[in-house]
Amino acid sequence: MKSTRTCLQARKTFSAAAIVAALAVPFLAQSPAALAASDAPKQKPNIIVILADDYGWGSSGCYGAPAELKTPHLDRLAREGRRFNNAYAPSSVCSPTRYGLMTGRYDWRTRGDGGGVIGAAAPLQIETDRLTLASLCKGQGYRTGAFGKWHLGLQAGPRRTDWNKPLAPGPRAIGFDYFFGIAANAWNGPHAFIENETLLGRIPGEEVKVMENYSPTNYTKGIKEQYDTRLLMDEFTNKATDWIGKNSSEPFFVYYAATAVHKPHDYHPRFTGSPFDKYGNFIEELDWCVGQILDHLDRLKLADNTLVIFTSDNGGVIYRGDPEIKYAMDAGLAINGPLRGGKHSEFEGGFREPFLVRWPGKVPAGTVSDQVICLTDILATLAGMFDVPLPNGNAEDSFNAWRLFTEENPGLPIRDHVIMHAANSTYAIRMGDWKLIERKAPKQNELYNIKEDVAETNNLIDANADRAAQMQKILSEARDRGYTRPGAVK
């Protein structure tokens, strides 16, 4: 593990309640001697997972952004914890990654090869009897809260969400004690906050109807007042920090899903003056919100016993047809650093994410890891930290990365491959330093050595046909088998 002087360098047959009970028993049944012999922490930490939206690999100082972009709080996380250089989202678009993060399972195993984002009025995508980050933590006695953008669906399918009825099942059906946020993207609607199963601000006697055309001109009938998109991040942060304060007497798990830096690039008016204009201002608001959470932990004297993870759902948008993004790029911001492509694509810029981990005294400060991890690994990592087994048929694509968080020197990889799925349904697989992109015809496949060629400019498949064939075989078998984590079979 190299040090850095600066930060630059199938459903189950049991219920969700049964999962919680089953997970609680093994932990409580451990003898003191067994716990001492394990690598599990002796005290359960608080856990905060912060998921940014469309936030590119190169968009903070600790990942090489220009000094003019101010990200002091993200840089602080890197300085006080560990920065990962090879962390991958399982998808290059929003909701499939959120499913993978929550469940430790590739989304395409549930929805097939569609690959795209779900609609704002889609039903709940996560089976209520499936293990999630929230139900895992709840089973260990944690209070669990989710804040911000949900975009994993509400109510039961197959119909579209009826905003006039209780929004259940939703976050609280998969292990969260409390939810405050919005259904999907800021401009999708309904343009009001949701608390638990309730759409806030409804006009009594009026039908709620979302006028939806996927643009900033969307509006919602039947609510007293639409939220101000410029104030969303402030509201989420205030709710999250207030909830932490009220629940800090017990271990807590917080899932904070930011709307930054997804369109619309609407930020609080106090953020002005970035040389990267609106896009830069929005990044700096995201950083400020992270800082508010870190400062709140400091005030409550909780920082030393809190595991904080910061990452993003997919790569940043690099579409120059968007004038705000074009301005930032022309001003010198490489949104995804040296990586090729961005959100939606099958290239590294679509999948490789910033990934910062801090737990003082447990995660070595100021360190950088080149180990390969996937956002699906967080579930198995927390289970490993708790020293509890994963139920069969759950977390099928989740590997325990706890050692990678804490190791002083790099050990063996925890996984031999990562599968990625682009919004256009293209699959890719990374094995070691190599990445295969599967096209519709095998002769069109692409193979890159991404350690030597991170920008994916030199297709080496002709000279490495055997390697490509082996990677294709592993990809195909993983799809057919239904899991990649050994022991995850039902």
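Please refer to the structure placed before this passage.
None of these values were measured; they are calculated from a predicted model. Positions within a chain are numbered from 1, following the residues in the order the chain's sequence is written. Per-residue local features of the predicted model are confined to residues with pLDDT of at least 70, and side-chain atom pairs are confined, for both listing and counting, to 80 or more; whole-chain, interface and lining totals are unaffected and use all residues. Side-chain metrics rest on all non-hydrogen atoms present in the structure, leaving aside hydrogens and water.

*Asks:* Could you clarify how one ought to interpret the pairing of strand S4 (residues 143–149) in this entry?
*Replies:* Along any regular strand, the residues point their side chains to alternate faces of the sheet. Buried residues are those whose accessible area, probed at 1.4 Å on protein chains only, stays under 20% of the maximum for their type, while exposed residues exceed 50% and partly exposed ones sit between those limits. Numbered from the N terminus, helices here are DSSP runs of H or I no shorter than four residues, and strands are runs of E no shorter than two. The element S4 is largely enclosed, with a buried count of 6 among its 7 residues. In this structure, S4 lies alongside strand S10 (residues 252–257), joined through 6 bridges in parallel fashion. If you follow Phe 147 over to S10, its bridge partner there is Tyr 256. Pairing of S4 with strand S5 (residues 178–182) involves 5 bridges; the strand directions are parallel. Its bridge partner lying in S5, Lys 149 is registered against Ile 182. DSSP-based pairing: two strands are paired if at least 2 bridges between them are found.

*Asks:* Looking at this structure, I do not really get the sheet that holds strand S14 (residues 418–421). What am I missing?
*Replies:* Across a sheet, strands are paired by hydrogen bonds formed along the backbone, either parallel or antiparallel in direction. The strand order across the open sheet formed by 4 strands is S14-S15-S16-S17, and the pairing between neighbours is antiparallel. The sheet is open, and its two edges are formed by S14 and strand S17 (446–449), each paired on a single side. On average, each strand axis in the sheet is tilted by 20° relative to the strand beside it, whichever way the strands run. Bridging between S14 and strand S15 (residues 427–431) involves 4 bridges; their strand directions are antiparallel. For Val 418, the partnering residue across the bridge sits in S15 and is Arg 430. Note on definitions: a residue-residue contact is assigned when non-hydrogen atoms from the two residues lie within 4.5 Å. Between N-to-C directions, angles span 0 to 180 degrees; the directions come from axes that are lines fitted to C-alpha atoms, helices contributing only their stretch in contact. The strands touched by helix H13 (residues 465–481) are S14, S15, strand S16 (434–438) and S17; relative to S16, the strand with the most contacts, the crossing angle is about 65°.

*Asks:* What am I meant to see in unusual backbone geometry here?
*Replies:* Among all residues except glycine, the phi angle is most often negative; among peptide bonds, the trans geometry is most common. Here the bond from Ala 168 into Pro 169 is cis, since omega is 5°, no more than 30 degrees from zero. Looking at the secondary structure, you find Pro 169 in the loop between S4 and S5. Phi is positive for Gln 155, close to 70°, though the residue is something other than glycine. What makes Gln 155 buried here is its relative accessible area of 8%. For Asp 277, which is not glycine, the phi dihedral falls at a positive 60°. Checked against the element boundaries, Asp 277 lands in helix H8 (residues 277–299).

*Asks:* So what exactly am I meant to see when it comes to the environment of Phe 179 here?
*Replies:* Locating Phe 179 in the fold gives a position in strand S5. Here the alpha-carbon distance between Phe 179 and Gly 321, two residues 142 residues apart in the chain, equals 35 Å.

Read these as layout, nothing more, since geometry by itself doesn't imply function.
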